[in-house]
Amino acid sequence: QDYFKQSTTRLHFIADKLLVTTLDMYREPRRMVEDLSALGLRHVGYGVPTDMFGPFVTACVQVVRMLTDDDEAEESFRWSLSLISRI
(Lines give C-alpha, C1' and ligand atoms only; values in the text may rest on other atoms or scores of the structure.)
Protein backbone atom coordinates (compact mmCIF):
# COMPACT_ATOMS: atom_id res chain seq x y z
CA GLN A 1 0.00 0.00 0.00
CA ASP A 2 2.83 2.41 0.79
CA TYR A 3 4.28 1.78 -2.66
CA PHE A 4 1.12 2.71 -4.56
CA LYS A 5 0.62 6.32 -3.56
CA GLN A 6 0.10 7.44 -7.16
CA SER A 7 -3.02 8.86 -8.72
CA THR A 8 -5.74 6.60 -10.01
CA THR A 9 -4.73 7.58 -13.53
CA ARG A 10 -1.18 6.39 -12.89
CA LEU A 11 -2.41 3.11 -11.39
CA HIS A 12 -4.58 2.54 -14.48
CA PHE A 13 -1.52 3.18 -16.64
CA ILE A 14 0.43 0.58 -14.63
CA ALA A 15 -2.39 -1.97 -15.00
CA ASP A 16 -2.62 -1.36 -18.76
CA LYS A 17 1.15 -1.62 -19.14
CA LEU A 18 1.13 -4.83 -17.13
CA LEU A 19 -1.37 -6.47 -19.49
CA VAL A 20 0.54 -5.37 -22.59
CA THR A 21 3.81 -6.58 -21.09
CA THR A 22 2.44 -10.04 -20.28
CA LEU A 23 1.26 -10.40 -23.88
CA ASP A 24 4.53 -9.10 -25.27
CA MET A 25 6.41 -11.80 -23.33
CA TYR A 26 4.84 -14.27 -25.76
CA ARG A 27 5.20 -12.07 -28.85
CA GLU A 28 8.72 -10.70 -28.41
CA PRO A 29 10.48 -12.51 -25.56
CA ARG A 30 14.03 -11.36 -26.37
CA ARG A 31 13.11 -7.68 -26.51
CA MET A 32 11.04 -8.00 -23.36
CA VAL A 33 13.94 -9.45 -21.38
CA GLU A 34 15.96 -6.33 -22.19
CA ASP A 35 13.06 -4.00 -21.39
CA LEU A 36 12.25 -5.80 -18.16
CA SER A 37 15.85 -5.80 -17.02
CA ALA A 38 15.81 -2.02 -17.30
CA LEU A 39 12.46 -1.85 -15.49
CA GLY A 40 13.85 -4.02 -12.69
CA LEU A 41 16.78 -1.66 -12.24
CA ARG A 42 14.40 1.29 -12.02
CA HIS A 43 12.38 -0.50 -9.34
CA VAL A 44 15.57 -1.12 -7.36
CA GLY A 45 16.38 2.58 -7.76
CA TYR A 46 12.91 3.46 -6.45
CA GLY A 47 13.57 1.32 -3.38
CA VAL A 48 10.82 -1.22 -4.04
CA PRO A 49 11.65 -4.38 -2.06
CA THR A 50 11.72 -7.47 -4.26
CA ASP A 51 9.70 -9.39 -1.68
CA MET A 52 6.73 -7.23 -2.73
CA PHE A 53 6.73 -8.68 -6.26
CA GLY A 54 5.17 -12.01 -5.23
CA PRO A 55 2.13 -10.48 -3.50
CA PHE A 56 1.70 -8.09 -6.44
CA VAL A 57 1.65 -11.03 -8.88
CA THR A 58 -0.84 -12.87 -6.67
CA ALA A 59 -3.15 -9.84 -6.53
CA CYS A 60 -3.03 -9.38 -10.31
CA VAL A 61 -3.80 -13.06 -10.92
CA GLN A 62 -6.74 -12.88 -8.50
CA VAL A 63 -8.18 -9.97 -10.48
CA VAL A 64 -7.82 -11.89 -13.75
CA ARG A 65 -9.42 -14.93 -12.12
CA MET A 66 -12.49 -12.79 -11.33
CA LEU A 67 -12.66 -11.58 -14.95
CA THR A 68 -12.46 -14.90 -16.81
CA ASP A 69 -13.47 -18.54 -16.57
CA ASP A 70 -10.77 -19.53 -19.06
CA ASP A 71 -8.28 -21.53 -17.00
CA GLU A 72 -5.71 -21.53 -19.80
CA ALA A 73 -5.80 -17.74 -20.12
CA GLU A 74 -5.44 -17.36 -16.35
CA GLU A 75 -2.52 -19.80 -16.22
CA SER A 76 -0.83 -18.09 -19.18
CA PHE A 77 -1.19 -14.71 -17.48
CA ARG A 78 0.14 -16.09 -14.18
CA TRP A 79 3.11 -17.77 -15.86
CA SER A 80 4.04 -14.68 -17.84
CA LEU A 81 3.69 -12.32 -14.90
CA SER A 82 5.63 -14.66 -12.61
CA LEU A 83 8.44 -14.78 -15.15
CA ILE A 84 8.39 -10.99 -15.46
CA SER A 85 8.63 -10.60 -11.68
CA ARG A 86 11.81 -12.73 -11.65
CA ILE A 87 13.68 -10.85 -14.40
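Summarised in this report is the structure supplied together with it. (Residues numbered from 1 in each chain as written. Predicted model: local features only at pLDDT ≥ 70, side-chain atom pairs only at ≥ 80, totals over all residues. Heavy atoms only, no water.)

### Describing the overall build of the chain
Working step 1: Regarding its fold elements, the chain presents four helices and zero strands.
Working step 2: Starting at the N terminus and ending at the C terminus, the chain contains elements arranged as α-α-α-α.
Working step 3: In summary, the chain has a C-alpha radius of gyration of 13 Å against a globular reference of 12 Å for 87 residues, a match within 12%.
Working step 4: The principal-axis extent of the C-alpha atoms belonging to the chain is close to 35 × 30 × 25 Å.
Working step 5: Partitioning the intrachain contacts of the chain with sequence separation of at least 6 by distance along the chain shows that 65% fall at a separation of at least 24.
Working step 6: Surface exposure of the chain reaches about 6,600 Å², of which carbon and sulfur atoms provide 58%.
Working step 7: Each charge class in the chain was averaged separately, 10 positive and 13 negative side chains, and the resulting centres sit 7 Å apart. (Helix = DSSP H or I, 4+ residues; strand = E, 2+ residues; numbered from the N terminus. Rg over C-alpha atoms; globule rule 2.2 N^0.38 Å. Contact = heavy atoms within 4.5 Å. Areas by Shrake-Rupley, 256 points an atom, 1.4 Å probe, with all protein chains shown as cover. Lys, Arg positive; Asp, Glu negative; His and termini not counted. Charge placed at Lys NZ, Arg CZ, Asp CG, Glu CD.)

### Let's talk about the packing of helix H1 (residues 8-27) against helix H2 (residues 29-46)
Working step 1: One way to put it is that H1 packs onto H2 with a least axis distance of 6 Å and a crossing angle of 135°. Relative to H2, the element H1 is oriented oblique. On H2, the residues touching Thr21, Asp24, Met25, Tyr26 and Arg27 of H1 are Pro29, Arg31, Met32 and Leu36.
Working step 2: The class makeup of the residues in the contact of H1 with H2 is five nonpolar, one polar and three charged. (Axes fitted to C-alpha atoms, helices over the stretch in contact; angles between N-to-C directions. Parallel < 35°, antiparallel > 145°, perpendicular 65-115°, else oblique. Nonpolar A, V, L, I, M, F, W, Y, C, P; charged D, E, K, R; others polar.)

### Section: helix H4 (residues 71-86)
Working step 1: Compared with the 22 Å implied by 1.5 Å per residue over 16 residues, the 23 Å span of H4 between its first and last C-alpha is a close match.
Working step 2: Along H4, the positions that sit buried rather than exposed are Glu74, Phe77, Ser80, Leu81, Ser82 and Ile84.
Working step 3: Buried residues belonging to H4 abut H1, H2 and helix H3 (53-67).
Working step 4: The residue sitting at the N-terminus of H4 and contributing the capping side-chain oxygen is Asp70; that oxygen lies 3.0 Å from the backbone nitrogen of Glu72. (Expected span 1.5 Å × (residues − 1). Buried < 20%, exposed > 50% of the residue type's maximum accessible area, 1.4 Å probe, protein only. Polar contact = N/O pair within 3.5 Å; in protein donor to acceptor, adjacent residues only side chain to side chain.)

### Quick notes on a nonpolar patch on the surface
Working step 1: A cluster of nonpolar side chains, namely Val63, Met66 and Leu67, defines an oily patch on the protein surface of about 360 Å² accessible area.
Working step 2: As for its placement among the helices and strands, Leu67 is situated in helix H3.
Working step 3: Leu67 sits in the exposed class, given a relative accessible area of 69%. (Patch = residues over 30% accessible without salt bridge, like charges linked within 9 Å, V, L, I, M, F, W, Y side chains within 5 Å. Salt bridge = Lys/Arg side-chain N within 4 Å of Asp/Glu carboxyl O.)

Interpretation note: all reported values are geometric properties and have no functional meaning in isolation.
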